[in-house]
Amino acid sequence: MIEQAAALQTYNNELVKVLEDLYSRRDDLNQQIKQEEDEKERLQHDFQVLSDKLKRVSETLSQRIAARAAFNRTISETEAAYTKILESSQSLLCVLKKEAGNLSKATEPRRIKDH
């Protein structure tokens with residue numbers, strides 16, 4: 001009976017030792033879980049911040065692209081109108097020179113030709 005009691009005591013000591021090891025491993029695992037949950041929460045927050053920033057940048061970018069298109073359209077229309085003005089000015093200058101030449105001829109005294 002003493003041998004059985006000694007064996008029971010040995011089993012009990014080993015059982016307590018194994019349980020203490022399991023408690024310790026569970027505590028380590030709980031600590032790792034807590035760290036990963038904290039990391040997950042931090043990453044989700046960072047993700048939300050970045051998502052909000054991406055949304056704002058995308059909206060601003062769209063507005064700027066639309067503004068650039070308006071600038072390009074205005075510049076193109078202005079250049080086309082300016083080209084027409086230059087062409088009209090050139091035509092007007094040609095007509096004016098021709099008329100000035102005709103007026104000069106009309107106002108010159110006539111020479112009488114000797115036969």
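Residues numbered from 1 in each chain as written. Predicted model: local features only at pLDDT ≥ 70, side-chain atom pairs only at ≥ 80, totals over all residues. Heavy atoms only, no water.

**Student:** Looking at this structure, how should I read the overall build of the protein chain?
**Tutor:** In terms of regular secondary structure, the protein chain is built from one helix and zero strands. Here the C-alpha radius of gyration of the protein chain, 49 Å, is well above what a compact globule of 115 residues would show, namely 13 Å. Expressed as lengths along the three principal axes of its C-alpha atoms, the size of the protein chain is roughly 170 × 25 × 10 Å. Scored against the burial criterion, the 115 residues of the protein chain give a buried share of 0%. Accessible surface, the protein chain as shown: approximately 11600 Å² in total, 58% of it carbon and sulfur. (Helix = DSSP H or I, 4+ residues; strand = E, 2+ residues; numbered from the N terminus. Rg over C-alpha atoms; globule rule 2.2 N^0.38 Å. Buried < 20%, exposed > 50% of the residue type's maximum accessible area, 1.4 Å probe, protein only. Areas by Shrake-Rupley, 256 points an atom, 1.4 Å probe, with all protein chains shown as cover.)

**Student:** Help me understand the UniProt feature "coiled-coil region" (unreviewed entry) in the protein chain in this model?
**Tutor:** Feature annotation in UniProt assigns "coiled-coil region" (unreviewed entry) to the following positions: residues 12-60. Between the end C-alpha atoms of residues 12-60 the distance is 71 Å, and the span holds 100% helix and 0% strand. (UniProt positions renumbered as here; feature names shortened; annotations may be inferred.)

**Student:** Just checking my understanding: could you explain a nonpolar patch on the surface for this structure?
**Tutor:** There is a patch of nonpolar side chains on the surface, built from Leu15, Val18, Leu19, Leu22 and Tyr23 and spanning about 460 Å² of accessible area. By secondary structure assignment, the location of Leu19 is in helix 1 (residues 2-107). For Leu19, a relative accessible area of 37% gives the class partly exposed. (Patch = residues over 30% accessible without salt bridge, like charges linked within 9 Å, V, L, I, M, F, W, Y side chains within 5 Å. Salt bridge = Lys/Arg side-chain N within 4 Å of Asp/Glu carboxyl O.)

**Student:** Can you help me understand the pattern of salt bridges in this one?
**Tutor:** It is possible for side chains bearing opposite charge to pair when their charged atoms get close. In total, this model carries four salt bridges according to the counting rule given. Between Asp21 and Arg25 there is a salt bridge; the shortest N-O distance is 3.7 Å. With Asp21 and Arg25 both in helix 1, this residue pair falls four residues apart, about one helical turn. One salt bridge in this structure joins Asp46 and Arg42, with 2.7 Å as the shortest N-O distance. Pair noted here: Asp46 and Arg42 are both in helix 1, with a separation of four residues, about one helical turn. By relative accessible area, which is 29% here, Asp46 ends up partly exposed.

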